[in-house]
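Letter by letter, the chains look like this.
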Amino acid sequence: MNRQRVRTVQQAINRRQFLGRGAMFGGAVMLSPALLAACGSDDDDKPGSSSTSAGRSSTGDLLVSNWPLYIDPTEDGVTGSIDLFKEASGIDVTYNEDYNDNNEFFAKIQPDLAAGNAIEPDIIAPTFWLVARLISLGWLDKLPLDLIPNAANLVSSLQKPSWDPTGEYSLPWQSGMTGIAYNIDVTGRELDSVDDLFDPAFKGKIGMLTEMRDTLGLTLLSVGKDPNTITFDDAADAFDKLEKAKNDGQIRQFTGNDYQDDLIAGNFAACVAWSGDVAQLALDTPSLRFVIPDEGGMQWSDCMVIPKGADSIVEAAKFMDYVYDPVNAARIAAYVGYNSPVAGVQDELRASDDPAVAALADSALMFPDDATLGRLKVFKSLSDDEEAQFDERFSSITTG
Amino acid sequence: MARGGEDRNQRKGTWQPYAMLAPGMLWLLLFFLVPMLILLRYALSEPTDRFSGKYELTFRFANFTDAIGDFGSQFLRSFAYAGIATVLCIVLGYPLAYFIATKGGRYKNLLLGLVVVPFFTSYLVRTIAWTTIMGDNGPLLAISDGLSLTGLLDALKITTNGGMLQTQTAVIGGLTYNFLPFMVLPIYVSLEKIDLRLLDAAKDLYSTPRRAFWKVIFPLSLPGVFAGTLLTFIPASGDFVNAQFLGGPNQQMIGNVIQNQFFKLNDFATAAALSFVLMFIITVAVLVYARLFGTDELSV
Amino acid sequence: MTRRRGRAWQAAGVLPGRFIIDTTSGDTAGGPRADDVIVLDHVTKHYGSFVAVEEAHFSIARGEFFSMLGPSGCGKTTTLRMIAGFETPTSGAIRHEGVDVSRTPPYKRNVNTVFQQYALFPHMTVRDNIAFGPRSKKLDGAEVARRVDEIIDVVRLGDFAQRKPTQLSGGQQQRVALARALVNYPSALLLDEPLAALDLKLRQAMQIELKRIQREVGITFIFVTHDQEEALTLSDRIAVMSNGLVEQIGSPEEIYGSPASVFVAGFIGQANLWQTVVEAVADGRADVRIGDQLVTGAAGPNVARAGDHVTFMVRPERVKVTVLSPNASGASGSSGASGTSGAAIACEVIDYVFQGPVVRFALRSPDGSEIAAYVGSDEGLPLLRPGDRVWASWDRDAALVLPESANPSTLSTADAVGATAS
């Protein structure tokens, strides 16, 4: 009861301060996170101190929108990360698995953010390229990194990434690899090349992703183009190759995350797929395999960002700090099977009492070796105009 | 007295019908006309930049011609699929409605209920259920394989490479399945209204049961077929759910394109123009259809 | 009960028609004859345990206007539908022109029907409606046109040929229905209560019209109605039906003048009826007692011996009303079976209605029963008032002694007319 009342008062004060500042200085609101972040760097050694959180928007609750099946749930008597975080922090978290597709989610939030209104979630997890777009549109708040000491655990390869060159707007949630998943019972042979997806033997049994950067990325690699430096003109071959495969009936369907159903049902012999999914699915369907093809694979990250105007900054920071603790990160990684961006996860897993969990420390899917990592490409950060061209061409193939 | 009553009726007549119309008109104004105008405005606009969501009204009529030029094949495909599905709905639905109306007896309501029962489930769920049924390892193919029919079905282009899901068969089949009740119910209603003594009359006048049906019952049930056709063809040509789940990239319909333009490419101008072209074509088609087969004289 | 009576007749090997004295052709008995257009040979129709028609056994002659008359549910429409072919007899046979058609579908029978609500095809013009039958028969276009033009002339529909049925009045629709059937030159035209939907005036006009058309085309008409007046007006012969049984077949005069049963007597026209017991039978006459008065009348079927329970019937228009006793002696003398005159009963006037040509009396006899009497207004009766004493009398030929009816409720003509069509 008491806590509830205090929280309400606190909330009211913050609102007033927020509105007051906005009214007096106009653009200052947009600048303030940057200023605060700058200040925060001085306070790195005093994590979570109340003085640094003062002046930041806080409501006591938190709304997170993330992709489905992207965190360990509370089930079978095991408490999941969200409930553990609730216990540890006292923050009332609402965790929605309503992020299904980057473009669709963008279409959903675009009207509000374009009009300068806040959207409901305090944390969302767009894929890296969308993070870049959101940053360039000015639709994100900078992260209060001073309140997230564990951000220091971010693996070095993902610090100041291409999509967020200053590293101030995003923290990767999970990274993953895009390769080829196949059902050996259906293919009858091991696959190792992107061109296996274009093998007429699998006509009508091939799935591709509606995520352009994954599907086009692999196709570019198969025609010897580097997705990291591609131009629209250079991509013509790859687009043509995709279009021909589509017209020939080689490609059965372009899907989102639901490619899993078709893979299990045997409708797909092989498909463009994400590493972590296959790791999970293979537990129940041992005939499923995942391979980074010889031509190379794609690498990507889904990143936690704070949409502009979110009012639970302090709580968002606490959540990010929590999941960047290697212990917690290891628990999540063990469930989702992707590549954790948090250093120390591998050691945590190896130290587990549960041999099955400990074995994950040696999983090539979760901890790819340097040779594999060397074959992975990150899709180029496209300019608005380029992206429009790519998107239009790609969608003319998927909705032919 | 009589005079006064007449006057009062006349006075009432001046405003009462309009008062009763008002809620409906207001509804249409707010939720049909206004959105239509907004959509029209988008259709004639150009985006100021790609993601701002701001569109400038430039009366760019090229949006319409572009829409037709770029997506003509999807338009044609949509109308072809919807047309075939509508014909299939008539072929399947008419005998069903006829049976229920003439032979249903005391089971009429039960049978009609069974026709409507699928509606108790979500449209999406019903459609997705077919992915299981028509899947490569699903029961439908298992049966046709078991009967060694798949080769024949392939030759008839009902299956493609021994598969059914993600073919036009699947999309048209899904449309037919989902819209069948919209065909059965109006046909049933129009058959129900027919005086069955007309059938006696036709037989009395030397018509075999077959001729009696085609010369009397069928023409008289045309208003139902007409209504059912509209209720089936119009939503089917704008449908995107069946193509999305049951079709592949070569079976995408105009609804998928519009959805894609709105929600993937954020191109509201093209999407709005496409929507208008679709509406326009359907309206023209319906008018032509009504002119050719209109049976309003019969709706006595 | 009626059914039991019917069986009794059959057991006696006697059909109702046998009792009718034919005054026209010399043979109007119900029994089929080989050259008749339509023959019903012991036709019975059951629906489950319900008996719709039992042992219908009669024939219809070429060119005859034949009516089936009876209250709702009497089996007349079922009989008609069996003749048309819409129903199949449970037992017995139906012959058209000597050919057994009991199992022949309607579209192979050369009879046509005018349906109760006409059943015109609403999506066709009058002309197409009429041409429907000939086209079904695949006659060539010129022949179809010739026939249609001809019949449109007969029914006088020339101005309406291109209209749809809904644009026509009830009477016009009626003519279309007639034309649509007659254009096929059927061997018999079946009419199922064709006038029931019309108002009184139009009905009377159409009755005349029907008769005219029938004379013109010379086709056998089989007419189903519950309206006794209509049947009497139109028919050459009438079959009166009740509860699935044919009670009597005969000319209108026979049916009216010599009803074979109490049901027929009550259903056709008005009748004064007394339930009583036979005192004596002789020479086709029976003496019965009304109150303490002995009266006599022609003995109907099954009135065989003293002690039989019977109904005594006199038509109201046959009852004479006089102020003085009609017997010269003035005595209320008995007039037994051997006597020549009828009865005279001293009555009290209880009601008196002047209706122009006719005066309707309601009289009360000494035994309390009511007697209806219709007297010509030209008979010079003095002005009578309720309470006045008068004599009711009739010629003995005017009275009938009929077998007991177990079903007195069928006795009122008004009830029967008021009933809906079967």
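Here the structure is shown first, and the text comes after it.
Residues numbered from 1 in each chain as written. Chains lettered and ligands numbered in written order. Predicted model: local features only at pLDDT ≥ 70, side-chain atom pairs only at ≥ 80, totals over all residues. Heavy atoms only, no water.

A.B. asks: Explain the overall build of chain C here, please?
C.D. replies: Of regular secondary structure, chain C possesses 10 helices and 20 strands. Burial analysis of chain C (422 residues in total) assigns 56% to the buried set. Within chain C, counting contacts between residues at least 6 apart in sequence, those at least 24 apart form 69% of the total. (Helix = DSSP H or I, 4+ residues; strand = E, 2+ residues; numbered from the N terminus. Buried < 20%, exposed > 50% of the residue type's maximum accessible area, 1.4 Å probe, protein only. Contact = heavy atoms within 4.5 Å.)

A.B. asks: Help me out: how do you make sense of the overall build of chain B in this one?
C.D. replies: Summing up its helical and strand segments, chain B has 12 helices and 2 strands in all. In terms of overall size, chain B is more extended than a compact globule, its C-alpha atoms giving a radius of gyration of 24 Å where 300 residues would be expected to give roughly 19 Å. Counting only residues that meet the buried cut, chain B has 44% of its 300 residues in that class. Across chain B, every contact between residues at least 6 apart in sequence was considered, and the portion connecting residues at least 24 apart equals 67%. A total of about 15,800 Å² of accessible surface is found on chain B, and carbon and sulfur atoms cover 70% of it. Here chain B holds 22 positive side-chain charges and 18 negative ones, and the gap between their average locations is 8 Å. (Rg over C-alpha atoms; globule rule 2.2 N^0.38 Å. Areas by Shrake-Rupley, 256 points an atom, 1.4 Å probe, with all protein chains shown as cover. Lys, Arg positive; Asp, Glu negative; His and termini not counted. Charge placed at Lys NZ, Arg CZ, Asp CG, Glu CD.)

A.B. asks: Please clarify how the interface of chain B and chain A should be interpreted in this entry.
C.D. replies: By a widely used convention, the size of an interface equals the accessible area lost when the partners come together. Taken together, the 29 residues of chain B in the interface contact 33 residues of chain A. Buried area between chain B and chain A, both sides added, is near 2,400 Å², and the carbon and sulfur share of it is 44%. Taken together, chain B and chain A are joined by 3 salt bridges. Residue Asp101 of chain A is joined to Lys264 of chain B by a salt bridge in which the shortest nitrogen-to-oxygen separation is 3.7 Å. Taken together, the connections running from chain B to chain A amount to 13 residue pairs in polar contact (both at pLDDT 80 or more). Secondary-structure elements contributing two or more residues to the side of chain B that touches chain A are helix 2 (62-103), helix 10 (241-246) and helix 11 (254-263) of chain B. Residue classes in the side of chain B that touches chain A are distributed as 8 nonpolar, 16 polar and 5 charged. (Buried area = accessible area lost by both parts, 1.4 Å probe. Salt bridge = Lys/Arg side-chain N within 4 Å of Asp/Glu carboxyl O. Polar contact = N/O pair within 3.5 Å; in protein donor to acceptor, adjacent residues only side chain to side chain. Nonpolar A, V, L, I, M, F, W, Y, C, P; charged D, E, K, R; others polar.)

A.B. asks: I'm lost on the sheet that holds strand 8 (residues 220-225) of chain C in this one. Help?
C.D. replies: Neighbouring strands of a sheet are bound in pairs by backbone hydrogen bonds; such pairs are parallel or else antiparallel. Residues and elements named next belong to chain C. The mixed open sheet is built from 6 strands, whose spatial order is 6-7-8-3-9-10. Two strands lie at the open edges of the sheet, namely strand 6 (111-114) and strand 10 (245-250), each paired on one side alone. Within this sheet the neighbouring strands show an average axis-to-axis angle of 20°, counted without direction. Examined bridge by bridge, strand 3 (residues 65-69) and strand 8 share 5 bridges and lie parallel to one another. The residue of strand 8 that forms the bridge with Phe65 is Phe221. Contacting strand 6, strand 7 (188-192) and strand 8, helix 5 (residues 170-182) runs over the sheet at an angle of about 175° to strand 6. (Pairing = 2+ DSSP bridges. Axes fitted to C-alpha atoms, helices over the stretch in contact; angles between N-to-C directions.)

A.B. asks: Can you help me understand the interface of chain C and chain B in this one?
C.D. replies: Facing the 29 residues of chain C at the interface are 20 residues of chain B. Buried surface at the junction of chain C and chain B, both sides included, amounts to about 2,000 Å², of which 65% is carbon and sulfur. On the chain C side of the interface with chain B, the three residues burying the most area are Tyr107, His123 and Phe132 of chain C, jointly 31% of the side's total. For the interface between chain C and chain B, the tally reads 1 salt bridge. Across the pair Asp200 of chain B and Arg81 of chain C runs a salt bridge, and its minimum N-O distance is 3.2 Å. Taken together, chain C and chain B are joined by 11 residue pairs in polar contact (both at pLDDT 80 or more).

A.B. asks: Before we go on, may I ask you to explain the pattern of salt bridges in this structure?
C.D. replies: Any two side chains of opposite charge can pair, so long as their charged atoms come close to each other. All names here are of chain C. For the coordinates displayed, the defined rule picks out 44 salt bridges over all chains. For Arg62, the salt bridge identified is with Glu97, shortest N-O distance 3.2 Å. In this pair, Arg62 sits in the loop between strand 2 (50-60) and strand 3 while Glu97 sits in the loop between strand 4 (91-96) and strand 5 (99-100), placing the two residues 35 residues apart along the sequence. In this structure Arg62 comes out as exposed when scored by relative accessible area, which is 55%. The class for Glu97 is partly exposed, based on a relative accessible area of 40%.

A.B. asks: What should I look at first to understand the packing of aromatic side chains in this one?
C.D. replies: Remark: the centre distance and the inter-plane angle together describe each pair of aromatic rings, the angle taken between the planes. Applying the stated rule across the entire model yields 47 aromatic pairs over all chains. Seen in terms of ring centroids, Trp274 of chain A and Trp300 of chain A are 6.2 Å apart; in terms of plane orientation they differ by 70°. Their pairing is edge-to-face. Here Trp274 of chain A, found in strand 8 (residues 270-274), pairs with Trp300 of chain A, found in strand 10 (residues 297-304); they are 26 residues apart in sequence, far enough to count as distant. Trp300 of chain A sits in the buried class, given a relative accessible area of 7%. With centroids separated by 5.4 Å and ring planes inclined at 15°, the aromatic side chains of Phe263 of chain C and Phe267 of chain C adopt a geometry described as stacked. Here Phe267 of chain C and Phe263 of chain C lie together in helix 9 (residues 262-267), a separation of 4 residues that amounts to about one turn. On the accessibility criterion, Phe263 of chain C (5% relative accessible area) is buried. Ring pairs connect the aromatic residues Tyr70, Phe85, Trp173, Tyr259, Trp274, Trp300, Phe319, Tyr322 and Tyr338 of chain A, which therefore count as one cluster. The aromatic ring of Phe121 of chain C is capped on one face by Arg180 of chain C, whose charged end is 4.7 Å from the ring centroid. It is Arg360 of chain C that lies over the ring of Tyr374 of chain C; its NZ or CZ is 4.3 Å from the centre. (Phe/Tyr/Trp six-rings, centres within 6.5 Å; stacked < 30°, edge-to-face > 60°. Lys NZ or Arg CZ within 6 Å of the ring centre and 35° of its normal.)

A.B. asks: It is not clear to me how the packing of helix 5 of chain C against helix 6 (residues 200-217) of chain C should be interpreted in this structure. Could you clarify?
C.D. replies: Geometry of a packed helix pair, given as the angle between the helix axes and the separation of the axes. Residue and element names in this part refer to chain C. Where helix 5 meets helix 6, the axes come as close as 11 Å, and the angle between the chain directions of the two elements is 20°. One element, helix 5, and the other, helix 6, form an angle in the roughly parallel class. The chirality of how helix 5 crosses helix 6 is right-handed. Every residue of helix 6 that contacts helix 5 at Gly171, Gln174, Arg175, Leu178 and Leu182 is listed here: Leu202, Met206, Glu209, Leu210, Ile213 and Val217. Classifying every residue of the contact of helix 5 with helix 6 gives 7 nonpolar, 2 polar and 2 charged. (Parallel < 35°, antiparallel > 145°, perpendicular 65-115°, else oblique. Left-handed = near helix turned anticlockwise from the far one by under 90°.)

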